[in-house]
Amino acid sequence: MTNLSAVTSDYRRIGRTTLDVWTHYLSEPSANGGASPLLPHATAMWTEAGEHSALCLAQMKLENDFARTGIIIQPEDGNPLSLRPWIEDPRAVRTGDVIDWKTRKRVRTLKVPPYAVGAVIASDGGMFLRFDDPAMCVREWRRRIADDPGYKHGVYLPAKSLRDFLNIYAPPGDTHPVTGLPNENTKYYEVVTTMLERFAAMEADDTSPDPQPDPQEGNDMPTYRTVIPGLPGGPLETSFPVKLMIVPAWRTNNRPGIKARTPRLSVQHETANSGTYAAAEANYLYNGAGGRQASWHFTVDDREGYVTIPVDEVAWQAGDGSGPGNYNGVACELAVHRDIVNNPTRRAQSQKNAAELMGKVGARLNATPPARQHANFMNKNCPAQMRNRGESNRYVDWWHHFYQMEKAAMDGKPAPEQPVFYIGDTIKALVPLNLRQRAGTGNVPVIATLPVGTQAVINGPFEWKDGYGWLPVETSYGNGFVAMGENGVLWIEKVKDRPAPQPEPEPEPEPEPQYVPARPIPALLETDLKKYDTAEGITTDDLGQDFIFVADVIEFTKDTVAAQFAVKNPKPVKAPYHAGDRAIAAWLVKSQDTDSWWYVLAGGDDEWVRVPYANTKRVSDAPLLPGQEWGESEEADVSDVINALKDVLDDSAQ
Ligand SMILES: [Zn+2]
């Protein structure tokens, strides 16, 4: 479906429109005549345009009204997109005739791409390609705008939005080949976006009785399809874009053109260059790798991949001369830009992308599992980041997953369920299985050969060694390591899941602080303060108010605003207390003309405030706190008691 949001973000993702939209626009008459001469080619052209079929149709409308307005380019030139030859094109290997636009007679020859047949030349020397079939023109257009980043030395690589792209495709200062108008007068961008909007509207109005579900609907992961040179089985679907930047065949130092040997091996590298992403590495190779005799098939980072050598050809990457690394390998360089490596998410994504491409390609090439590393072919720590960080196993797991997925897709089957083994799972041997002292086959002693059906419990993490995945297990023959399988075939099967993890035990409830029942204060207030006083007894302050030192824990029975310590016109302070809050009260003041109040420590701070006695109940009568002794001095008593009460409050706080 036409993706209008990509117009401003990435013109390469504007996407497909339907074949119905194509046939509608090619059959609809216009001011320039009836149905387009392209109509009989609609299906072939639409197929060639692939995921760019919306942009392709929109551009053809602008270029010459679907081949209806040609002056220099005639419909029989098969060039409805007005493509010009690129004289330095490394793919221009076919000699074609250049004809005069007026006489249509041959004037000379020119090297053109293999699916073009020649060119047509105007009196000013400007040339346009000719094709036997407009579908071949679409193929060349697609190569230029999206598939071949090396086209004109990467002229479109910097372009993101449709506007960026069109400024390169049809520069404002240039003259339009068909209308003869300056490009800025053609409102190229406006015409193309208007067309795209119409396509999207038409797709939305589609009320055909049997709409086919879009296979990608509901799938958050976009699918990219790439025809990879040398790869059997048609376009490869990947979750990230894979672009072609095929090293020209004449660069024999990098691309010797030797057919790879079978069985194929999947070889993973890292660039060891902390300053480059995949595009720069692929571009470096495309341009000859600085004269080094070096090459590799793929370059991948966390966002995209590049193909530089056809996968059925030898690339110089493994450092083992004519050994299996170079001659049997299909090789991928993983970019390790510091911004990727230092970000665990990006690093994992980049490794996963490499594993996806290599696993899927490995399946297509029938490569022998497991995934190999450069280090398997020579004494070199490559891929170093993956190896040093202990992330090789993760890569191998991903590789295997994608390998299986692609194999299943090739067989027309749904992707197999990937068994996942956890520590604690019980497994069973499906074949006689060597139980070894450690992971590995080399000099590792065999403890026993487990008969088919032997059960074992996984008791540690997976390890990768000597080309096999190993699980540490407990068996009745002893503890050791078993290999999981080979070539995508498992030698073990899970028979019982690990015991369900024990739920966290409920924490023991904190014991309620053991408060001593408080003695009634009303009576105390009214009658016999002295009797229950724990300190100095009733004191009369300067204003003639009586108060006692009680050092009690009180609880608020209703929401309460505390007031300043000042006795005269106290103002509210801080947050109110809520019903249920507790506080330490040091003094109870018996007022003579208003309600009695407590002096309490506000919010646990060392700030005294007053609260109405009537809004509280006493929780604890401080003098009866266990083990509490009162000193001689009131000053000392206050701090001792307050601290003791704070402890009580802290303990009871939830
Ligand atoms: Zn390497």
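Here the structure is a predicted model, which is why all the values come from computation and not from measurement. (Residues numbered from 1 in each chain as written. Predicted model: local features only at pLDDT ≥ 70, side-chain atom pairs only at ≥ 80, totals over all residues. Heavy atoms only, no water.)

Draft legend 1. Expanded view of the overall build of the protein chain. Helices and strands together make up the secondary structure of the protein chain, namely 16 helices and 30 strands. Burial status across the protein chain gives 49% buried among its 654 residues. Taking the contacts inside the protein chain whose residues are at least 6 apart along the sequence as the reference set, 64% of them involve residues at least 24 apart. (Helix = DSSP H or I, 4+ residues; strand = E, 2+ residues; numbered from the N terminus. Buried < 20%, exposed > 50% of the residue type's maximum accessible area, 1.4 Å probe, protein only. Contact = heavy atoms within 4.5 Å.)

Draft legend 2. Here's a closer look at the coordination of the zinc ion. The protein atoms that coordinate the zinc ion are His 269 (ND1), His 374 (ND1) and Cys 382 (SG), at distances spanning 2.0 to 2.3 Å. For the zinc ion, the single-chain donor residues occur in sequence as H-x104-H-x7-C. On the criterion of sequence distance, the pair formed by His 269 in strand β8 (residues 265-270) and Cys 382 in the loop between β12 (372-373) and α12 (384-388) is long-range, its members being 113 residues apart. The exposure class assigned to His 269 is buried, which follows from its relative accessible area of 1%. (Donors = N, O, S within 2.8 Å, 3.2 Å for Na, K, Ca; no water.)

Draft legend 3. Spotlight on the side chain of Glu 391. Tracing the backbone shows Glu 391 in the loop between α12 and α13 (392-410). On the accessibility criterion, Glu 391 (10% relative accessible area) is buried.

Draft legend 4. Just the packing of helix α3 (residues 42-49) against helix α5 (residues 134-147), in detail. Close contact between α3 and α5 brings their axes to 8 Å; oriented N to C, the two are set at 15°. The pairing of α3 with α5 is recorded here as roughly parallel in orientation. For the pair α3 and α5, the crossing hand works out as right-handed. In this structure, α3 uses Ala 44, Met 45, Glu 48 and Ala 49 to contact α5, whose residues at the interface are Pro 134, Ala 135, Met 136, Val 138, Arg 139 and Arg 142. Residues of the contact of α3 with α5, tallied by class, amount to 7 nonpolar, no polar and 3 charged. (Axes fitted to C-alpha atoms, helices over the stretch in contact; angles between N-to-C directions. Parallel < 35°, antiparallel > 145°, perpendicular 65-115°, else oblique. Left-handed = near helix turned anticlockwise from the far one by under 90°. Nonpolar A, V, L, I, M, F, W, Y, C, P; charged D, E, K, R; others polar.)

Draft legend 5. Molecular detail of the packing of aromatic side chains. Considering all chains together, one arrives at 9 aromatic pairs under this definition. With a centroid separation of 4.2 Å and an interplanar angle of 15°, the aromatic rings of Tyr 11 and Phe 165 are classed as stacked. Of this pair, Tyr 11 sits in the loop between α1 (6-9) and α2 (19-27) while Phe 165 sits in helix α6 (residues 162-169), and the two are 154 residues apart along the sequence. By the burial criterion, Tyr 11 is buried, and Phe 165 matches it. Note on Tyr 169 and Tyr 188: the rings are 6.4 Å apart at their centroids and 70° apart in plane angle, and the pair reads as edge-to-face. Residue Tyr 169 is located in helix α6, and its partner Tyr 188 is located in helix α7 (residues 188-205); the two are separated by 19 residues in the primary sequence. Tyr 188 carries the same exposure label as Tyr 169, and that label is buried. (Phe/Tyr/Trp six-rings, centres within 6.5 Å; stacked < 30°, edge-to-face > 60°.)

Draft legend 6. Expanded view of α13. With 19 residues, α13 should cover 27 Å at 1.5 Å per step; its first-to-last C-alpha distance of 27 Å lies within 8% of that length. Taken together, the buried positions of α13 are Ser 392, Tyr 395, Val 396, Trp 398, Trp 399, Phe 402, Tyr 403, Gln 404, Glu 406, Lys 407 and Ala 408. Taken together, the buried residues of α13 touch β6 (236-238), β8, α11 (344-364), β12, α12 and β17 (463-465). One or two positions beyond α13, positive phi appears at Gly 412, with a value near 70°. (Expected span 1.5 Å × (residues − 1).)

Draft legend 7. The arrangement of the pairing of strand β16 (residues 455-458) in detail. Side chains Ala 456 and Ile 458 project from β16 onto a buried face, and the interleaved Gln 455 and Val 457 project onto a face without burial. Sheet topology places strand β13 (residues 426-429) next to β16; 3 bridges connect them, and they run antiparallel. Residue pairing in the sheet places Ile 427 in a bridge with Ala 456 of β16. Strand direction decides the pairing type here: β16 and strand β18 (residues 468-475), joined by 2 bridges, are antiparallel. Residue Ile 458 lies in a different strand from β18, and its bridge partner there is Val 473. (Pairing = 2+ DSSP bridges.)

Draft legend 8. Representation of empty space enclosed by the protein. This model, assessed by the stated rule, comprises 3 cavities of 30 Å³ or more. Of the pockets and cavities examined, the largest cavity occupies roughly 90 Å³. Ile 145, Ala 146, Pro 149, Tyr 156 and Leu 157 are the residues nearest the centre of the largest cavity, which is lined by 13 residues in total. For the lining of the largest cavity, a count of residues per class yields 8 nonpolar, 1 polar and 4 charged. (1 Å grid on protein atoms, 1.4 Å probe; cavity = no way out; pocket = protein on both sides within 12 Å on 5 of 7 lines; lining within 4 Å. Points joined across faces, edges and corners; volume = space filled by probe spheres on them.)

Draft legend 9. Structural context of the nonpolar core. Counting 55 residues, the largest nonpolar core has Leu 162, Phe 165 and Tyr 169 as its most contacted members. Counting residues in hydrophobic clusters, the runner-up holds 30 residues, among them Ala 355, Leu 357, Met 358 and Trp 399. (Core = buried A, V, L, I, M, F, W, Y, C linked by side-chain atoms within 4.5 Å.)

Draft legend 10. Seen up close, α3. Where α3 is concerned, the buried positions are Ala 42, Met 45, Glu 48 and Ala 49. All buried residues of α3 lie within an arc of 135° about the axis, which places them on one face of the element. Just downstream of α3, Gly 50 is the residue with a positive phi angle, here 55°. (Arc of directions from axis to C-beta.)

Draft legend 11. Spotlight on the environment of Met 484. Within the secondary structure, Met 484 is located in the loop between β19 (478-483) and β20 (485-486). Expressed as a C-alpha distance, the spacing of Met 484 and Leu 433, which sit 51 residues apart in the sequence, is 9.2 Å. Not counting residues up to four positions away in its chain, the partners in contact with Met 484 are Phe 421, Phe 462, Gly 469, Leu 471, Val 489, Leu 490, Trp 491 and Ile 492.

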